[in-house]
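Take a look at the letters that make up each chain.
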Amino acid sequence: MAEPAIELIGIDKSFGAVRANKSIDLTVERGTIHGIVGENGAGKSTLMSIIYGFYQADRGEIRVGGRRVEITDPNAAIAAGIGMVHQHFMLVDNLTVVENVMLGAERSPLLRKGIATVRAELRRLEADHGLEVDPDAIVENLPVGLQQRVEILKALYRQADILILDEPTGVLTPSEADHLFEVLKQLRAEGKTIILITHKLREIMAITDNVSVMRQGEMVATRKTAETSVAELAELMVGRRVLLTVDKDVAKPGDPMLSVKRLTVKDGRGVPMVKDVSFTVRAGEIVGIAGVAGNGQSELLEALSGIRQAESGQIVLCGREIDPAKESDPAEIRRIGCGHVPEDRHHMGLVLPFEENENSILGYQDDPRYQKGLLLDLTAMRRDARDKIEGYDIRPADCRLKTANFSGGNQQKIVLAREMERDPDVLLIGQPTRGVDVGAIEFIHKRIVAMRDAGKAILLVSVELDEIRALSDRILVMFAGNIVGERGPDASESELGLLMAGVDEKEAAE
Amino acid sequence: MMDLSSLLDLIDSTIRLSTPLLFAALAGLYSERSGIFDISLEGKMLIAAFASASAAAVWGSVMLGLCVGILASVGFSLIHGVASITYRGNQIVSGVAINFIAAGLTIILGQSWFGQGGRTPSLFGGGRFTAVDLPGAEAVRDVPVLGPIYSGILSGQTPLVYVAFLMVPLTWWILFRTRFGLRLRAVGENPAAVDTAGISVTWLRYRAVIICGVLCGFAGAYLATAQAAGFTRDMTAGKGYIALAALIFANWKPVPVMFACLLFGFLDAISIRVGGVELPVIGQISVQFVSALPYILTVILLAGFVGKATPPKAGGVPYVKER
């Protein structure tokens, strides 16, 4: 048998304290399409950046065609025949297609000869692969699908034998994606090796020969695509975690406190991430939103909390209608009575260089309780912070300490204490226990259930399926921006896993 | 009515006054196209003017003066480079600092070296750039219209004027016809694309910053050793900022940069002429108002009232590899 196209042996990579890749082994056979799946943050992109020489591995070895190579920078990767199509295109928007393709591979100090070569090569690639694109078009005027094609052409022009595509279909329409897959199959037929990184299992099943699954920085399994199933992959991706149990009584839902009708939300790139979503959360119940990260949950939370402007639809919060046409106002949402524990406490929940007591009133600093004339009432703030520290067992119990010096679990408690102690009627909670130690998880879960029992309406978003199942009274599953199903808390993990993977309800029932 | 000779005179001084602007604006073009904003054109011109005048005064050689001026300017542009490329500092802060240092240093050094209140000794003979007469300038002087244009405007300029205007097509050619130019245009727009193409963003930007220093050196040397006969304190008088305005007004493109500089040079030339002149209806034009015109136009242009400026997208942002 021929040497594999590329082999990774024991690749390790840390960013500070975070181990993004833990001794990864991977073998990709020549002339195959090899899928790599995993949730966002599983370490896929880091691994590919190491192969492309964008980062150096701390340990481990890369072999291309059986020979050990040192990939110290992208040049070395290109020389080894590795090409990469980045998730965010590495194109210069105001240059032409020809200029983008030749950048870094001009072949001589003057452009004229290189331009002629690129043109001839583009014509050949167009004829061979149907990769049609106007060589003189300015890249920013091209639709996204064509821009991606330029990225592929860049790699092919550099004689890449191994092509890595990082989440290539995220920005494509379905028909553009289908065309891309045709192109990839054709390249495979010519003996090129393709590594496809994605979190969409459907694509993996449709096009790959082999598939490797990553979870939390580890390569957990490699399968032949023909011998695996969406369900198995979903389970491998999400992983079986220690089963969490939370003691709680049956919910006694009251009036609807938050109702969402036909809500559509676009992300910063203008891509719709939440599509026509409707649901209701009642007082005294926890509604959990399950889903693989990146399926619109974040944008949904941001729209509900007023951080992101919704495109269209209706939100009724505590009986007040929020007009999506008006500029969104997080302060207004808070005043109406909606607390928000953001998914990412470092980016949205806390200002890390601030003292603990400052963070514990963040967003509520205009409350008369903390005012003394024109100034903040520091005594009141600190008294208030000390009460929360006691009530939520935040350690160390020092309200003057910089927030960055608290552990993840304690930082999360600071945010929870701030939002819960305002006694909101509706509480939006994103990833309440991400990066939190087991002891704190239990505490946080109990607090959430206590809020429910006090008659609050709670919307919980989490990528931890166990957490969703343990806490929720109703479970909504989000996939590709849609709510694809609703289940009770007793729904099985595999049933939810299938829904999360986008297998529709009928198939899941079979 | 203006007669032909005074019109030619006006054009002639327009060209001479736009030359330092053109050098400085082209200098800024290289730097900013690479993504390094540079408001220290002013300071670099000033230090180059001082260094070139000092060297020319001490050694009596204008070429030596030019070289020393360029070296001083490149030295300052490397400070800006280290601060904004290697240490990823704030480019505006670094630029402002260079302007301050140049303003102070030229006066202190000038006083301590020459003791003439911040001036350098007057240059004469080989210490100054002198006019070059193009072949046949005398012969065609009497040919109507074309004769005076050739002999009065094209001929009889100092060599640096020709260098400045030849830099325009050369810059265009470098930018759009060479590998370096392609990479320069790319790195100011999307340095990550350049990095992933296997090109060093750092080295590319350093080269751009060095070229900027060289051209600012020419600008300063022109002021002190061609236009004037020695350095006087603050002799750049905001020309670096005007060059910056011209660069923005011209949308970072070489040929429009030349026209923008000619426009500013023209306003400057007019202000020298019409100040104090009695005009019908309007009355006497105040000298102060007219000499303020280029600066007023600068403010208007920089405030973005004219056209839409689209600076290089990655301008002002230090390049950090994304995780």
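For clarity, every value in this text was computed on a predicted model and none was experimentally measured.

Chemist: Looking at this structure, how should I read the overall build of chain A?
Modeler: In terms of regular secondary structure, chain A is built from 18 helices and 22 strands. Computed over its C-alpha atoms, the radius of gyration of chain A comes to 25 Å, within 12% of the 24 Å expected for a compact globule of 510 residues. In terms of overall dimensions, chain A has C-alpha extents of about 70 × 55 × 45 Å along its principal axes. A buried classification covers 46% of the 510 residues belonging to chain A.

Chemist: Please explain the overall build of chain B as it appears in this structure.
Modeler: When you go through chain B residue by residue, the secondary structure sums to 12 helices and two strands. Taken against the 2.2 N^0.38 rule, which gives 20 Å for 323 residues, the C-alpha radius of gyration of chain B at 20 Å falls within 12% of a compact globule. Principal axes of the C-alpha set define a box for chain B whose edges measure 70 × 45 × 45 Å. The buried share of chain B, taken over its 323 residues, is 47%. Considering only intrachain contacts with a sequence separation of at least 6, the fraction spanning at least 24 residues in chain B is 76%.

Chemist: What am I meant to see in the sheet that holds strand E11 (residues 256-266) of chain A here?
Modeler: Each strand in a sheet pairs with its neighbour through backbone hydrogen bonds, running either in the same direction (parallel) or in the opposite one (antiparallel). Residues and elements named next belong to chain A. Read from one edge to the other, the open sheet built from four strands follows the order E12-E11-E14-E15, with strand pairing classed as antiparallel. Both edges of this open sheet fall to strand E12 (272-282) and strand E15 (320-322), since each of them pairs with a single strand only. This sheet shows a mean twist of 20 degrees between the axes of neighbouring strands, independent of strand direction. Where E11 lies against E12, seven bridges are found, and the strand directions are antiparallel. Bridge pairing in E12 links Leu258 to Val281. Packing of helix H9 (residues 297-304) onto the sheet brings it into contact with E11, E12 and strand E14 (312-317), and relative to E12 it is tilted by some 60 degrees.

Chemist: What's the story with the interface of chain B and chain A in this structure? I'm lost.
Modeler: When the parts of a complex come together, some accessible area is lost, and that lost area is often taken as the interface size. Opposite the 19 residues of chain B that make contact, chain A presents 20 residues. Element by element, the count of residues in the side of chain B that touches chain A is highest for helix H7 (residues 179-189) of chain B, at six residues. Across the side of chain B that touches chain A, the residue classes tally to seven nonpolar, four polar and eight charged.

Chemist: Before we go on, may I ask you to explain the environment of Ile101 of chain B in this structure?
Modeler: All names here are of chain B. When you line up the elements, Ile101 lands in helix H4 (residues 91-114). Ile101 sits in the partly exposed class, given 16 other C-beta atoms within 10 Å. As for Ile101 and Lys253, which are separated by 152 residues in sequence, their C-alpha atoms are 30 Å apart.

Chemist: How should I be thinking about the domain arrangement of chain A in this particular structure?
Modeler: Residue and element names in this part refer to chain A. Partitioning chain A into structural domains gives domain 1 (6-238) and domain 2 (256-355 + 424-509). Taking the mean C-alpha position of each, domain 1 and domain 2 sit 33 Å from one another. Contact residues are listed per partner, giving 12 residues for domain 1 and 13 residues for domain 2. Of all the elements, helix H8 (residues 230-238) adds the most residues to the side of domain 1 that touches domain 2, at five residues. Tallied by class, residues from the side of domain 1 that touches domain 2 come to six nonpolar, three polar and three charged.

Chemist: Is there a simple way to think about unusual backbone geometry in this case?
Modeler: Among all residues save glycine, negative phi is the norm, and among peptide bonds the norm is trans. Residues and elements named next belong to chain A. Going from Arg395 to Pro396, the amide bond is cis rather than trans, its omega being -5 degrees. With respect to the helices and strands, the residue Pro396 is situated in the loop between helix H13 (378-391) and helix H14 (408-420). Its identity as a non-glycine residue notwithstanding, Gln159 has a phi of 60 degrees, on the positive side. Within the secondary structure, Gln159 is located in the loop between helix H5 (144-157) and strand E7 (162-166). Taking the C-beta count within 10 Å as the criterion, Gln159 has 11 such neighbours and is therefore assigned exposed.

Chemist: Looking at this structure, I do not really get the environment of Pro311 of chain B. What am I missing?
Modeler: For Pro311 of chain B, the position within the fold is in the segment after helix H12 (287-302). Once you skip the residues sitting within four places of it in the chain, Pro311 of chain B turns out to touch Glu32 and Trp252 of chain B.

Chemist: Teacher, can you tell me more about the sheet that holds strand E20 (residues 457-461) of chain A here?
Modeler: Residue and element names in this part refer to chain A. What the six strands build is an open sheet, ordered E16-E19-E20-E13-E21-E22; its pairing is mixed. Among the strands making up the open sheet, the edge pair consists of strand E16 (338-341) and strand E22 (482-487). Neighbour-to-neighbour, the strand axes of this sheet turn through a mean angle of 20 degrees, independent of strand direction. Where strand E21 (residues 474-479) lies against E22, five bridges are found, and the strand directions are antiparallel. When the sheet's bridge partners are listed, Leu476 is paired in E22 with Glu486. In the packing of H14 onto the sheet, contacts are made with E16 and strand E19 (426-430), and the angle to E16 comes to roughly 175 degrees. Against the sheet, helix H17 (residues 493-500) touches strand E13 (285-290), E21 and E22, its axis set at about 35 degrees to E21.

Chemist: Which parts of the structure should I look at to understand H14 of chain A?
Modeler: Note: α-helices contain 3.6 residues per turn, so residues at a spacing of three or four share the same orientation. All names here are of chain A. Over its 13 residues, H14 runs 18 Å from end to end, which matches the ideal 18 Å to within 8%, given 1.5 Å per residue. Summarising burial for H14: 11 of the 13 residues are buried, a large majority. Taken together, the buried positions of H14 are Asn410, Gln411, Gln412, Lys413, Ile414, Val415, Leu416, Ala417, Arg418, Glu419 and Met420.

What counts, and at which threshold
- Residues numbered from 1 in each chain as written.
- Chains lettered and ligands numbered in written order.
- Predicted model: local features only at pLDDT ≥ 70, side-chain atom pairs only at ≥ 80, totals over all residues.
- Helix = DSSP H or I, 4+ residues; strand = E, 2+ residues; numbered from the N terminus.
- Rg over C-alpha atoms; globule rule 2.2 N^0.38 Å.
- Buried ≥ 20, exposed ≤ 12 C-beta atoms within 10 Å, placed from the backbone.
- Contact = placed C-beta atoms within 7 Å.
- Pairing = 2+ DSSP bridges.
- Axes fitted to C-alpha atoms, helices over the stretch in contact; angles between N-to-C directions.
- Nonpolar A, V, L, I, M, F, W, Y, C, P; charged D, E, K, R; others polar.
- Domains from an automatic or database assignment.
- Expected span 1.5 Å × (residues − 1).

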